[in-house]
Amino acid sequence: GIIEGTPDLIVAVDSDYNVTAFNSAYREEFRKIFGVEIELGASLLNLIAHVPNDRDASRLLWARALTGEGFTVVAEMGDAARQRNFYEITFSPIRRDDDKIIGASQIVRDVTARKLAELQLAELLARFSGAFDHAPIGMATISTSGKFTKVNQALSQIVGLAEQELLSTHFAEL
């Protein structure tokens, strides 16, 4: 069916954090990162009690869904002795016909590759920015319309204009 046919990880709990449903993708990932077999009726929080930070963070996130909030977070999860990954987790409350909340669900995607690429890009941008800002030569970035979008201190000194003045100048005006 739909739940088993997706690569997304799916799990549901009742209002006491007991597992009421999960797909095989969730079971396999849970075993891989926590080293524990998930079972229907088991307390999800007890299953990950050996990873206290994840257990506590999970309790807070599930509690939000169990009070009626639907939301998405990106979180790093897993037993450090096994494997930790980044996951995009969408929480949704589960309601009866009379609108009473009886549980919550998660739809989870492993976004480790994306998150690591974002972290690497952020590091590279920080290194570039530091090199740009502290370069002994004048440097600037210019928009397609010819306006300065970023200038360093060395360029400001060379042309004798403050950074803010340069940022409101077209490069051809120099």
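Along each chain, residues carry numbers from 1 onward, in the same order as the chain's sequence is written. Selection of residues for local features in this predicted model requires a pLDDT of at least 70, selection of side-chain atom pairs for listing and counting requires 80 or more, and totals for whole chains, interfaces and linings are taken over all residues. Excluded from the side-chain calculation are hydrogens and water; included are all heavy atoms of the structure.

As a further point, take the pairing of strand 1 (residues 9-14). Across the 6 residues that make up strand 1, a large majority, 5, are buried. We treat two strands as partners when DSSP finds at least two bridges between them. Where helices and strands are cited, they refer to DSSP runs of H or I of at least four residues and of E of at least two residues respectively, numbered from the N terminus. When strand 1 meets strand 5 (residues 101-110), the two strands line up antiparallel, connected through 6 bridges. Within strand 5, the position partnered with V11 by the bridge is Q106. In this structure, strand 1 lies alongside strand 2 (residues 19-22), joined through 3 bridges in antiparallel fashion. Note that in strand 2 the partner of V13 across the bridge is V19. What sits between strand 1 and strand 2 in their antiparallel hairpin is a turn of 4 residues, with Y17 showing a positive phi close to 70°. Type-normalised accessible area, obtained with a 1.4 Å probe on protein chains alone, sets the label of each residue: buried when under 20%, exposed when over 50%, and partly exposed for intermediate values.

It is worth spelling out a nonpolar patch on the surface at this point. To count toward a patch, a residue needs a relative accessible area over 30% and no salt bridge; like charges are then connected within 9 Å, while nonpolar side chains (Val, Leu, Ile, Met, Phe, Trp, Tyr) are connected within 5 Å. Computed by Shrake-Rupley with a 1.4 Å probe, the accessible areas treat only the displayed protein chains as cover when residues are assessed. By definition here, a salt bridge exists when the distance from a side-chain nitrogen of Lys or Arg to a carboxyl oxygen of Asp or Glu is within 4 Å. Together, I158, V159 and L174 give the surface a local cluster of nonpolar side chains, amounting to about 280 Å² of exposed area. On the accessibility criterion, I158 (60% relative accessible area) is exposed.

In space, the 5 strands of this open sheet follow the order 2-1-5-4-3, with antiparallel pairing throughout. The open sheet has two edge strands, strand 2 and strand 3 (71-77), and neither has a second partner. Taking each pair of neighbouring strands and ignoring which way they run, the sheet shows an average axis angle of 25°. Helix 5 (residues 112-133) rests against strand 3, strand 4 (85-95) and strand 5 of the sheet, and its axis sits at about 125° to strand 4. Geometry is summarised by axes, namely lines fitted to C-alpha atoms with helices restricted to the contacting stretch, and by angles between N-to-C directions that run from 0 to 180 degrees. Any two residues having at least one pair of non-hydrogen atoms within 4.5 Å are treated as being in contact.

Attention now goes to helix 2 (residues 24-34). Along helix 2, the positions that sit buried rather than exposed are Y26, E29, F30, I33 and F34. Around the axis of helix 2, the buried residues are gathered within 105° of arc, so they sit on the same side. Of the residues trailing helix 2, G35 is marked for its positive phi of about 70°. Here the arc refers to the set of directions running from the helix axis out to each C-beta atom.

As a further point, take the packing of aromatic side chains. Classification of ring pairs rests on two measures: the distance between centres of Phe, Tyr or Trp rings, Trp counted by its six-membered ring, which must be within 6.5 Å, and the angle between planes, read as stacked under 30 degrees, edge-to-face over 60 and tilted in between. Taken as a whole, this structure holds 5 aromatic pairs when the rule is applied. Their ring planes at 25° and their centres at 5.8 Å tell us that Y26 and F30 sit as a pair that is stacked. Remark: F30 and Y26 occur in helix 2; sequence separation between them is 4 residues, near one turn of the helix. Considered together, Y26 and F30 belong to a single accessibility category, that of buried residues. For the ring pair F128 and F132, a centre distance of 5.8 Å and an interplane angle of 45° mean the geometry is tilted. Taken as a pair, F128 and F132 lie in helix 5 at a separation of 4 residues, close to a single helical turn. Classification of F132 by relative accessible area gives buried; the value is 2%. Three or more aromatic residues joined by ring pairs form one cluster here, namely Y26, F30 and F34.

Buried residues of nine kinds, namely Ala, Val, Leu, Ile, Met, Phe, Trp, Tyr and Cys, make up a nonpolar core once their side-chain atoms join them within 4.5 Å. Counting residues in hydrophobic clusters, the biggest one holds 30 residues, and the most contacted among them are Y26, F30, F34, I38, L44, W62 and F91. Mapped onto this core, the elements with two or more residues apiece are strand 1, helix 2, helix 3 (44-47), helix 4 (52-66), strand 3, strand 4 and strand 5. Residues in contact with F30, not counting those within four places in the same chain, are G35, V36, I38, L44, L47 and I48.

What follows concerns the pattern of salt bridges. In this structure the tally under the stated criterion is 16 salt bridges. Of the charged contacts, one joins R64 and E69 as a salt bridge, the two residues approaching to 2.7 Å between their closest N and O atoms. On the basis of relative accessible area, R64 is assigned to the partly exposed category, the value being 32%. The residue R127 makes a salt bridge to E123 at a minimum N-O spacing of 3.6 Å. With R127 and E123 both in helix 5, this residue pair falls 4 residues apart, about one helical turn. The class of R127 is exposed, set by a relative accessible area of 55%.

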